[in-house]
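Listed here are the chains, written in short residue letters.
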Amino acid sequence: MRSERFSRRALLRGLGASGAMIPLLNADFARGQTPTAPKRLVTVAWGHGICPPLFWSAGDKITISATSSPTLSSFSTLIPKMLMIAALDMKPYMDHGGTFDGHNGYPGLFTGTTKTSPGKSIEVAVGDELAAKGLKKSALQVALGVEPDGNTISYRGGGQKNIPETDPWKFFTNVFAGATLPPDQLAKLRAHRKSMLDYLGKDITDFGARLGTEDRMKIQAHMQSIRDLESALAADAATPAKACAMPSIGSSRSLDTQTHTTLMFQVLAAALRCDLTRTASMTVKDDHGRYNVRFPWLNVSDDYHPLAHQSKPGYAKKVIIDTWLFSKLAEFVKDLDASPEANGKTTLDNSVVVWSSDMNEGSFHFVGGLPFLLIGSCGGAIKTDGRVLRLGNYVGKDAGTFTSASGVPHNKLLATLWNAMGLTHIDGFGDPAYSGTLDSDVLA
């Protein structure tokens, strides 16, 4: 048993060093040197498929023009942060009699299982894994214009759906109640943290002067860590409140669809910026066609559901609606991209927003050849470099050819999204019959 008189702790006390420096000697590395930011995963979907000739880009790179992917016109400045995947199959459906089961595809889209017994959707599974590691950031499930029976892309396992929040004020209250401090309190908190660093820095400097070369080098490394932390605090103070500001949503409870959509996406973006959640899902509009969904402000009087089933004769009108829906998604990701974070990237750069639909094209109800868009690199994990990634038996851009299955289960993408989040690596997600990943094609 060591004598207290000659113990390292006693020596440090005798030198006047604070207890904060006891772990520094013989430490393996200096903490805090590289600023980090949280990774986030957001899933978004709406039904009725796409107008294939007006959605896909013909080449190996995403191109957006009047003749190539015009539906995505709002994303033209975001192409370097996007990955278009064409086209994956919902194999758990196709191999169990559900090849043309598009309107019932939501339960399988992000769970990788069948509609009869959906497992956890990817955003719920990731949220649960983070919670198991001590990071309790519950997944948020929200929806726009979804029917009263709670149609949703989010499932918590055991066949149980998550009922999404559709009211922007309830959503706002649930997310932000007690979550932020007034500006004056935030300023005091920053000043307090800065003063602690000032004290610790002086203490370590005085202590390091009395040490040998090896320990002094470790002390210098920790001094650099403190300077990095001070810089991060200064940057935080200089950054406008945009980084974690609650959106102004007004008080009117009578909203048109455009305003309702904007508010829901704004609250979700703020929740992600403020790190109140790391995962979320957004279900957009009615998928079954029972609720007469119309878009009169676009000068399209048709009900969206039957319009989507007209195939090519309906494309001229459907693409107007689809372009508007994608514009709201683009506003959301641009909101995230306008928010800088500690690692020099934006909130969007540190996130991945995944969009899809539960069928290929409305008139077919086909659950093969599904469209997927990935926006944001999830902290550099995903190669979102403006590519069009064609998989399996992808045969072309024309609508008539998209009834061919690609042969690649979408489960592989779900597993890759999990791996991009930096969790313990997995080789499959959802139905275990469809193992594998797209890591080599998608991950950096």
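Keep in mind that what you see is a predicted model, and the values were worked out from it rather than measured.

J.: Just to check I follow, could you spell out the overall build of the protein for this structure?
T.: Helix and strand content of the protein: 13 helices and nine strands. Buried residues in the protein amount to 53% of all 444 residues. Across the protein, contacts joining residues at least 24 apart in sequence account for 73% of those joining residues at least 6 apart. For the protein, the exposed surface amounts to about 19100 Å²; the carbon and sulfur share of it is 54%.

J.: Looking at this structure, how should I read the side chain of Thr384?
T.: Following the sequence through the fold, Thr384 ends up in the loop between β8 (370-375) and β9 (387-390). Dropping the residues within four chain positions of it, Thr384 is found in contact with Pro80, Lys81, Met82, Leu83, Leu374, Gly376 and Ser377.

J.: How should I be thinking about the packing of aromatic side chains in this particular structure?
T.: Following the criterion strictly, the structure yields 14 aromatic pairs and no others. Among the aromatic side chains, those forming a connected cluster through ring pairs are Trp46, Phe55, Trp56, Phe75, Phe326 and Trp355.

J.: Quick question: what am I supposed to make of helix α12 (residues 411-420) here?
T.: It helps to recall that an α-helix has 3.6 residues per turn; residues three or four apart then point in one direction. Burial analysis of α12 places nine of its 10 residues in the buried class, the great majority of the element. Residues of α12 that are buried: Asn411, Leu413, Leu414, Ala415, Thr416, Leu417, Trp418, Asn419 and Ala420. Where α12 ends, the next residue or the one after it, Gly422, has phi of about 80 degrees, a positive value.

J.: What's the story with the pattern of salt bridges in this structure? I'm lost.
T.: Tallied over the full model, the rule gives 15 salt bridges. Here Asp349 and Lys81 are joined by a salt bridge, their closest N and O atoms 3.0 Å apart. Taken as a pair, Asp349 in the loop between α11 (315-337) and β7 (351-356) and Lys81 in the loop between α2 (52-55) and β2 (82-88) lie far apart in primary sequence, 268 residues in all. Overall, the relative accessible area of 15% leaves Asp349 in the buried class.

J.: What should I look at first to understand the pairing of strand β3 (residues 140-144) in this one?
T.: Counting buried residues along β3, five of its five residues qualify, which places the element largely inside the surrounding structure. Residues Leu140, Val142 and Leu144 of β3 are buried on one face, and the alternating residues Gln141 and Ala143, pointing to the opposite face, are buried as well. By the bridge criterion, five bridges tie β3 to strand β6 (residues 279-284) in an arrangement that is parallel. Opposite Gln141, over in β6, you have Ser281 as the bridge partner.

J.: Can you help me understand the packing of helix α9 (residues 257-273) against α11 in this one?
T.: For any two helices packed against each other, one specifies the inter-axial angle together with the distance between the axes. One can describe the packing of α9 onto α11 by two numbers: an axis separation of 9 Å at closest approach and a directional angle of 30 degrees. With respect to their mutual orientation, α9 and α11 come out roughly parallel. Every pair of crossing elements has a handedness; the one defined by α9 and α11 is right-handed. Residue-level contacts link Thr257, Gln258, Thr261, Thr262, Phe265, Leu268, Ala269, Leu272 and Arg273 of α9 to Trp324, Lys328, Leu329, Glu331, Phe332, Asp335 and Leu336 of α11. For the contact of α9 with α11, a count of residues per class yields eight nonpolar, four polar and four charged.

J.: Help me understand the sheet that holds β9 in this model?
T.: In a beta sheet, neighbouring strands pair by backbone hydrogen bonds and run either parallel or antiparallel. Taken together, the seven strands give an open sheet; going across it, the order is β3-β6-β1-β7-β8-β2-β9, and neighbouring strands pair in mixed fashion. Unpaired on one side and paired on the other, β3 and β9 mark the two borders of the sheet. The mean angle between the axes of side-by-side strands here comes to 15 degrees, regardless of whether they run parallel or antiparallel. Of the strands in this sheet, β1 (40-46), β6, β7 and β8 are in contact with α11, which crosses β7 at around 170 degrees.

J.: Could you clarify how one ought to interpret unusual backbone geometry in this entry?
T.: Excluding glycine, residues mostly carry a negative phi; peptide bonds, for their part, are mostly trans. Even without a glycine there, the phi angle at His48 is positive, about 75 degrees. Take His48: it is sitting in the loop between β1 and α2. On the basis of relative accessibility, which here comes to 2%, the residue His48 falls in the buried class. Phi is positive for Asp275, close to 60 degrees, though the residue is something other than glycine. Relative to the elements of secondary structure, Asp275 occurs in the loop between α9 and β6.

J.: Mind showing me how you'd approach the environment of Gly362 here?
T.: Its place among the elements puts Gly362 in the loop between β7 and β8. It is 9.1 Å that separates the C-alpha atoms of Gly362 and His103, two residues lying 259 residues apart in sequence. For Gly362, the residues in contact, after removing those within four places along its chain, are His48, Gly49, Ile50, Ala308 and His309.

J.: Sorry, what's going on with the environment of Leu417 here?
T.: Along the chain, Leu417 falls in helix α12. What makes Leu417 buried here is its relative accessible area of 1%.

J.: Would you take a moment to explain the environment of Ile122 for this structure?
T.: Relative to the assigned elements, Ile122 resides in helix α5 (residues 122-132). Residue Ile122 is classed as buried on the basis of its relative accessible area, which comes to 0%. Ile122 sits 33 residues away from Tyr155 along the chain, and the two C-alpha atoms are 8.7 Å apart.

J.: Can you help me understand the confidence of the model for the protein in this one?
T.: Should the pLDDT be low somewhere, the predicted coordinates at that spot are not to be read in detail. Mean pLDDT for the protein: 81, with 70% of residues reaching 70 or above. Below pLDDT 50 for its whole length, residues 1-33 participates in 45 contacts with residues either more than four positions away or in separate chains. Low pLDDT (under 50) marks residues 235-242, which in the prediction has seven contacts with non-local residues, meaning those over four places away or in another chain.

The rules behind these values
- Note on numbering: residues in each chain are counted from 1, in written sequence order.
- It should be noted that, the model being predicted, local features are given only for residues of pLDDT at least 70 and side-chain atom pairs only at 80 or more, the latter also being counted only at that level, while totals for whole chains, interfaces and linings use all residues.
- Only hydrogens and water are set aside when side-chain values are computed; all heavy atoms of the structure are taken into account.
- A run of H or I in DSSP counts as a helix once it spans at least four residues, and a run of E counts as a strand once it spans at least two, with each numbered from the N terminus.
- Accessible area is worked out with a 1.4 Å probe on protein chains only. A residue is then buried under 20% of its type maximum, exposed over 50%, and partly exposed in between.
- We call two residues contacting when some pair of their heavy atoms lies within 4.5 Å.
- Only the protein chains shown count as covering a residue, and every accessible area follows the Shrake-Rupley method with a 1.4 Å probe.
- Note on aromatic contacts: the rings of Phe and Tyr and the six-membered ring of Trp form a pair at centre separations within 6.5 Å, being stacked when their planes are under 30 degrees apart, edge-to-face when over 60 apart, and tilted otherwise.
- By definition here, a salt bridge exists when the distance from a side-chain nitrogen of Lys or Arg to a carboxyl oxygen of Asp or Glu is within 4 Å.
- In this scheme, strands are said to pair when DSSP sees at least two bridges between them.
- To obtain each axis, a line is fitted to C-alpha atoms, and for helices this fit is confined to the stretch in contact; angles are then taken between N-to-C directions over 0 to 180 degrees.
- For this classification, under 35 degrees means roughly parallel, over 145 means roughly antiparallel, 65 to 115 means roughly perpendicular, and everything else is oblique.
- Two helices cross in a left-handed way if the nearer one is turned anticlockwise from the farther one by less than a right angle. They cross in a right-handed way if the turn is clockwise.
- When residues are grouped by polarity, Ala, Val, Leu, Ile, Met, Phe, Trp, Tyr, Cys and Pro land in nonpolar, Asp, Glu, Lys and Arg in charged, and all others, Gly among them, in polar.
- You can read pLDDT as the predictor saying how much it trusts each residue, on a scale of 0 to 100.

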